[in-house]
Amino acid sequence: MGTVTAPEPCIFCEIVAGRAPAHVVYEDAATLAFLDIFPFTRGHLLVVPKRHVDRLVDLAPAEYSAFLGAVVQGCRQVERLTRDYNVGLNQGRLAGQIVFHLHFHVIPRYNDGNPFGQTPRTRLESGEATGIVRDLGGPLRR
Ligand code: 5GP
Ligand code: ZN
């Protein structure tokens, strides 16, 4: 942990290292939050661990708390703009991930519509749900 081991030049590692500019809104020992350069809305933030990991599941358990705390902090800051916002993670290319350094989006919503409301959805059938829960390895109880 601690060392930056991006497989190739990583723009968010460059920002963390101070070699690329960013509009930082929050920083602690393990985390940085800054404005997205192509914001969906005013105040769109990205919250990134300083250590380069691509995926949420690559975080060590000891890192969870600081990272989630920083996401909460980003939300708290966005609440200065609006109480309505989306928190999102695009994980993997097919999910729309384009920067392969873990980051949560915090996207303030004003009156611009909810992006999750735009695709028609059909109600989940319970038989199908049972199979999906099984495929997810659930139900997990700890
Ligand atoms: P993804 O689709 O990977 O979840 O989102 C990556 C986000 O990073 C995009 O919303 C994009 O606008 C943002 N982004 C890409 N390059 C830069 C950059 O150099 N600086 C900042 N601040 N944001 C970036
Ligand atoms: Zn990186």
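Relevant structure appears above.
Only a predicted model underlies this, so the values are computations on that prediction, with no experimental measurement involved.

**Q** Would you mind showing me how to read the packing of aromatic side chains here?
**A** For any pair of aromatic rings, the description consists of the separation of the ring centres together with the inter-plane angle of the planes. The full count for this structure, using the stated rule, is 2 aromatic pairs. Considering the side-chain rings of F12 and F34, the 5.3 Å spacing of their centres and the 80° angle between planes classify their relative orientation as edge-to-face. Separated by 22 residues along the polypeptide, F12 in helix α1 (residues 11-16) and F34 in strand β2 (residues 31-35) bring together distant segments of the chain. Judged on exposure class, the residue F12 and its partner F34 are both buried. Arranged with centres 5.6 Å apart and planes meeting at 65°, the rings of F67 and F104 form a pair that is edge-to-face. You can see F67 sitting in helix α2 (residues 61-78) and its partner F104 sitting in strand β5 (residues 104-108), a full 37 residues away along the chain. Across the pair, exposure class does not vary: F67 and F104 are buried alike.

**Q** Please clarify how the coordination of the zinc ion (ligand 2) should be interpreted in this entry.
**A** Metal coordination angles have textbook ideals: 109.5 degrees for a tetrahedral set of four donors and 90 or 180 degrees for an octahedral set of six. Only C10 (SG), C13 (SG), H52 (ND1) and H101 (ND1) from the protein reach the zinc ion (ligand 2) as donors, at distances of 2.0 to 2.3 Å. Geometry at the zinc ion (ligand 2) is tetrahedral, judged from the 4 donor atoms that bind it and their angles of 104 to 119° at the metal. Along the chain, the residues that donate to the zinc ion (ligand 2) are spaced as C-x2-C-x38-H-x48-H. Across this residue pair, the class does not change: C10 and C13 are buried.

**Q** Please clarify how the site of ligand 1 should be interpreted in this entry.
**A** Around ligand 1, the surrounding shell holds 16 residues, and the nearest of these are D36, G96, I98, H103 and H105. Contact distances for ligand 1 include 2.7 Å between an oxygen atom and a side-chain N or O atom of H105. Bound to the protein, ligand 1 loses 86% of the 520 Å² it would expose on its own. Structurally, ligand 1 is housed in the largest pocket. Among the secondary structure elements, those contributing two or more residues to the shell around ligand 1 are α1 and β2. Ranked by the residues each element gives to the shell around ligand 1, the list is headed by α1, at 3 residues. In terms of residue class, the shell around ligand 1 is built from 10 nonpolar, 5 polar and 1 charged.

Cut-offs applied
Residues numbered from 1 in each chain as written. Chains lettered and ligands numbered in written order. Predicted model: local features only at pLDDT ≥ 70, side-chain atom pairs only at ≥ 80, totals over all residues. Heavy atoms only, no water. Phe/Tyr/Trp six-rings, centres within 6.5 Å; stacked < 30°, edge-to-face > 60°. Helix = DSSP H or I, 4+ residues; strand = E, 2+ residues; numbered from the N terminus. Buried < 20%, exposed > 50% of the residue type's maximum accessible area, 1.4 Å probe, protein only. Donors = N, O, S within 2.8 Å, 3.2 Å for Na, K, Ca; no water. Tetrahedral: all angles 85-135°; square planar, octahedral: opposite > 155°, others 65-115°. Near = heavy atom within 4 Å. Polar contact = N/O pair within 3.5 Å; in protein donor to acceptor, adjacent residues only side chain to side chain. Areas by Shrake-Rupley, 256 points an atom, 1.4 Å probe, with all protein chains shown as cover. 1 Å grid on protein atoms, 1.4 Å probe; cavity = no way out; pocket = protein on both sides within 12 Å on 5 of 7 lines; lining within 4 Å. Sits in = over half its atoms within 2 Å of the grid points. Nonpolar A, V, L, I, M, F, W, Y, C, P; charged D, E, K, R; others polar.

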